Amino acid sequence: MTLQRTPSALNAMAASRSGGERVRTDAERFQVVVYLARTGSAFPELEMRNCEEYARAFGWEVSLTVVDDETDKSPERRPLLLAALQAVKDRTTGAILVPSKATVSPIDGEYDEFARLVEKAGGFVQVTRR
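Residues numbered from 1 in each chain as written. Predicted model: local features only at pLDDT ≥ 70, side-chain atom pairs only at ≥ 80, totals over all residues. Heavy atoms only, no water.

Enquirer: Just to check I follow, could you spell out the overall build of the protein for this structure?
Expert: Check the secondary structure of the protein and you find five helices and seven strands. Scanning the protein from its N terminus toward the C terminus, one meets helices and strands in the order β-α-β-β-β-α-β-α-β-α-α-β. By residue count, 39% of the 130 residues in the protein fall in the buried class. Residue pairs in contact within the protein that sit at least 24 positions apart in sequence constitute 71% of those at least 6 positions apart. Carbon together with sulfur atoms contributes 50% to the accessible area of the protein, which is approximately 7600 Å² in total. (Helix = DSSP H or I, 4+ residues; strand = E, 2+ residues; numbered from the N terminus. Buried < 20%, exposed > 50% of the residue type's maximum accessible area, 1.4 Å probe, protein only. Contact = heavy atoms within 4.5 Å. Areas by Shrake-Rupley, 256 points an atom, 1.4 Å probe, with all protein chains shown as cover.)

So, in C-alpha coordinates, the structure goes:
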(Lines give C-alpha, C1' and ligand atoms only; values in the text may rest on other atoms or scores of the structure.)
Protein backbone atom coordinates (compact mmCIF):
# COMPACT_ATOMS: atom_id res chain seq x y z
CA MET A 1 0.00 0.00 0.00
CA THR A 2 1.41 3.36 -1.02
CA LEU A 3 0.47 7.00 -0.43
CA GLN A 4 2.52 9.62 -2.19
CA ARG A 5 2.09 13.40 -2.16
CA THR A 6 3.62 15.38 -4.98
CA PRO A 7 6.14 18.09 -4.01
CA SER A 8 4.24 20.88 -5.74
CA ALA A 9 1.12 20.06 -3.73
CA LEU A 10 3.11 20.43 -0.53
CA ASN A 11 5.17 23.52 -1.37
CA ALA A 12 2.95 25.75 -3.50
CA MET A 13 2.41 29.34 -2.32
CA ALA A 14 0.31 32.15 -3.72
CA ALA A 15 2.14 34.94 -5.57
CA SER A 16 1.00 38.39 -6.65
CA ARG A 17 1.53 40.40 -9.79
CA SER A 18 1.75 44.14 -9.82
CA GLY A 19 -1.72 45.62 -9.87
CA GLY A 20 -3.06 43.21 -7.28
CA GLU A 21 -3.88 40.29 -9.63
CA ARG A 22 -3.16 36.89 -8.19
CA VAL A 23 -1.02 34.45 -10.14
CA ARG A 24 -2.50 30.97 -10.29
CA THR A 25 -0.19 28.56 -8.46
CA ASP A 26 -0.14 24.77 -8.23
CA ALA A 27 -2.02 25.02 -4.94
CA GLU A 28 -4.85 26.79 -6.74
CA ARG A 29 -5.01 24.29 -9.59
CA PHE A 30 -7.73 21.66 -9.43
CA GLN A 31 -6.35 18.89 -7.23
CA VAL A 32 -7.00 15.18 -7.86
CA VAL A 33 -6.17 11.87 -6.23
CA VAL A 34 -5.08 8.97 -8.42
CA TYR A 35 -6.40 5.74 -6.94
CA LEU A 36 -4.90 2.50 -8.25
CA ALA A 37 -5.42 -1.13 -7.34
CA ARG A 38 -2.55 -3.58 -7.27
CA THR A 39 -3.79 -6.98 -8.41
CA GLY A 40 -0.59 -8.96 -8.06
CA SER A 41 3.03 -8.26 -7.36
CA ALA A 42 3.53 -5.78 -10.21
CA PHE A 43 3.19 -2.03 -9.64
CA PRO A 44 0.37 -0.60 -11.82
CA GLU A 45 2.76 1.66 -13.76
CA LEU A 46 0.72 1.88 -16.97
CA GLU A 47 -2.50 2.74 -15.12
CA MET A 48 -0.69 5.41 -13.10
CA ARG A 49 0.77 7.02 -16.21
CA ASN A 50 -2.63 6.98 -17.94
CA CYS A 51 -4.24 8.73 -14.98
CA GLU A 52 -1.42 11.28 -14.79
CA GLU A 53 -1.70 12.02 -18.51
CA TYR A 54 -5.47 12.41 -18.17
CA ALA A 55 -4.97 14.90 -15.33
CA ARG A 56 -2.37 16.85 -17.33
CA ALA A 57 -4.72 17.06 -20.32
CA PHE A 58 -7.18 19.00 -18.15
CA GLY A 59 -4.55 21.04 -16.31
CA TRP A 60 -5.24 19.21 -13.05
CA GLU A 61 -2.63 18.67 -10.35
CA VAL A 62 -2.16 15.16 -8.96
CA SER A 63 -1.81 15.83 -5.24
CA LEU A 64 -1.89 12.23 -4.07
CA THR A 65 -1.33 8.82 -5.63
CA VAL A 66 -2.72 5.80 -3.81
CA VAL A 67 -1.82 2.20 -4.67
CA ASP A 68 -4.10 -0.19 -2.79
CA ASP A 69 -3.26 -3.85 -2.17
CA GLU A 70 -6.59 -4.62 -0.49
CA THR A 71 -8.76 -4.84 -3.60
CA ASP A 72 -10.45 -8.06 -2.49
CA LYS A 73 -12.43 -6.06 0.10
CA SER A 74 -15.58 -4.03 -0.54
CA PRO A 75 -15.03 -0.27 -1.04
CA GLU A 76 -16.24 0.69 2.44
CA ARG A 77 -13.63 -1.66 3.98
CA ARG A 78 -10.58 -0.29 2.15
CA PRO A 79 -8.69 2.28 4.24
CA LEU A 80 -6.82 3.76 1.27
CA LEU A 81 -9.96 4.21 -0.82
CA LEU A 82 -11.58 5.84 2.19
CA ALA A 83 -8.50 8.08 2.53
CA ALA A 84 -9.07 9.26 -1.06
CA LEU A 85 -12.71 9.98 -0.15
CA GLN A 86 -11.56 11.85 2.96
CA ALA A 87 -9.36 14.10 0.80
CA VAL A 88 -12.52 15.11 -1.08
CA LYS A 89 -14.39 15.67 2.19
CA ASP A 90 -11.49 17.78 3.48
CA ARG A 91 -11.61 19.85 0.26
CA THR A 92 -7.94 19.16 -0.46
CA THR A 93 -8.94 17.44 -3.69
CA GLY A 94 -11.89 17.67 -6.04
CA ALA A 95 -11.80 14.32 -7.80
CA ILE A 96 -10.59 10.75 -7.61
CA LEU A 97 -9.13 9.43 -10.87
CA VAL A 98 -9.36 5.69 -11.49
CA PRO A 99 -8.29 3.73 -14.57
CA SER A 100 -11.59 1.78 -14.59
CA LYS A 101 -14.77 1.33 -12.56
CA ALA A 102 -13.45 -2.09 -11.52
CA THR A 103 -10.64 -0.33 -9.64
CA VAL A 104 -13.27 0.73 -7.11
CA SER A 105 -15.40 -2.40 -7.50
CA PRO A 106 -16.29 -4.85 -10.26
CA ILE A 107 -19.85 -4.70 -8.92
CA ASP A 108 -21.74 -1.78 -10.50
CA GLY A 109 -23.82 -1.15 -7.39
CA GLU A 110 -20.74 -0.82 -5.19
CA TYR A 111 -19.02 1.50 -7.66
CA ASP A 112 -22.19 3.61 -7.97
CA GLU A 113 -22.58 3.86 -4.19
CA PHE A 114 -18.95 4.97 -3.77
CA ALA A 115 -19.36 7.53 -6.57
CA ARG A 116 -22.46 8.90 -4.77
CA LEU A 117 -20.44 9.25 -1.55
CA VAL A 118 -17.77 11.22 -3.41
CA GLU A 119 -20.43 13.44 -5.00
CA LYS A 120 -22.07 14.06 -1.61
CA ALA A 121 -18.65 15.16 -0.37
CA GLY A 122 -18.43 17.70 -3.21
CA GLY A 123 -16.24 15.85 -5.72
CA PHE A 124 -16.46 13.22 -8.41
CA VAL A 125 -14.91 9.95 -9.53
CA GLN A 126 -13.44 10.09 -13.04
CA VAL A 127 -12.73 6.93 -15.02
CA THR A 128 -9.74 7.76 -17.20
CA ARG A 129 -10.14 5.04 -19.82
CA ARG A 130 -12.96 3.05 -21.31
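Enquirer: Teacher, can you tell me more about the pattern of salt bridges here?
Expert: Side chains that carry opposite charge are capable of pairing whenever their charged atoms lie near each other. Counted according to the given criterion, the structure contains five salt bridges. Across the pair Glu61 and Arg29 runs a salt bridge, and its minimum N-O distance is 3.1 Å. One end of the pair, Glu61, is in strand 5 (residues 61-68); the other, Arg29, is in the loop between strand 3 (22-23) and strand 4 (31-37), and 32 residues separate them in sequence. Residue classification places Glu61 among the buried residues on the basis of a relative accessible area of 9%. Measuring nitrogen to oxygen at the nearest pair gives 3.1 Å for the salt bridge that ties Arg116 to Glu113. Placement of the pair is Arg116 and Glu113 together in helix 5 (residues 108-120), with a separation of three residues, close to one helical turn. According to the relative accessible area criterion, Arg116 is partly exposed, its value standing at 44%. (Salt bridge = Lys/Arg side-chain N within 4 Å of Asp/Glu carboxyl O.)

Enquirer: I would appreciate a short explanation of the side chain of Arg78 in the present structure.
Expert: Turning to its location among the elements, Arg78 is positioned in the loop between strand 5 and helix 3 (79-89). Asp68 provides the closest opposite charge to the buried, salt-bridge-free Arg78, at an N-O distance of 4.6 Å. Of the polar contacts made by the side chain of Arg78, one reaches the backbone oxygen of Thr103; its length is 3.2 Å. Filtering out sequence-adjacent residues up to four positions away, Arg78 remains in contact with Tyr35, Asp68, Glu70, Thr71, Lys73, Thr103, Val104 and Ser105. (Lys, Arg positive; Asp, Glu negative; His and termini not counted. Polar contact = N/O pair within 3.5 Å; in protein donor to acceptor, adjacent residues only side chain to side chain.)

Enquirer: Before we go on, may I ask you to explain unusual backbone geometry in this structure?
Expert: Apart from glycine, the bulk of residues carry a negative phi angle, and the bulk of peptide bonds sit in the trans form. Here the phi dihedral of Arg91 falls at roughly 65 degrees; this positive angle occurs in a residue that is not glycine. Arg91 gets classed as exposed once you look at its relative accessible area, which sits at 61%.

Enquirer: What should I look at first to understand helix 5 in this one?
Expert: Owing to its 3.6 residues per turn, the α-helix brings residues three or four apart onto one side. For helix 5, spanning 13 residues, the distance from its first C-alpha to its last is 18 Å, which sits close to the expected 18 Å at 1.5 Å a residue. For helix 5, the full list of buried residues reads Tyr111, Phe114, Ala115 and Val118. Mapping the buried residues of helix 5 onto a view down its axis gives an arc of 100 degrees, with all of them on the same face. Along its buried surface, helix 5 packs onto helix 3, strand 6 (95-98), helix 4 (101-104) and strand 7 (124-127). At the exit of helix 5 stands Gly122, carrying a positive phi of roughly 105 degrees. (Expected span 1.5 Å × (residues − 1). Arc of directions from axis to C-beta.)

Enquirer: Is there a simple way to explain helix 3 in this structure?
Expert: Buried within helix 3 we find Leu80, Leu81, Ala84, Leu85, Ala87 and Val88. Looking straight down helix 3, one finds its buried side chains confined to an arc of 155 degrees; they lie on one side. Backbone geometry just after helix 3 places Arg91 at a positive phi near 65 degrees.

Enquirer: Hey, could you run me through the nonpolar core in this one?
Expert: Note that soluble globular proteins tend to have their nonpolar side chains buried in a common cluster. Among the nonpolar cores identified, the biggest contains 19 residues, and Ile96, Phe114, Val118 and Val125 are the most heavily contacted of them. Listed by contribution, the elements that provide at least two residues to this core are strand 4, strand 5, helix 3, strand 6 and helix 5. Here this core gets six residues from one element, more than from any other, and that element is helix 3. Once residues lying within four places of it in the same chain are set aside, the contact partners of Val125 are Ile96, Val98, Tyr111, Phe114, Ala115 and Val118. Core analysis: the next-biggest nonpolar cluster, separate from the first, contains eleven residues, Leu36, Cys51, Trp60 and Val62 among them. (Core = buried A, V, L, I, M, F, W, Y, C linked by side-chain atoms within 4.5 Å.)

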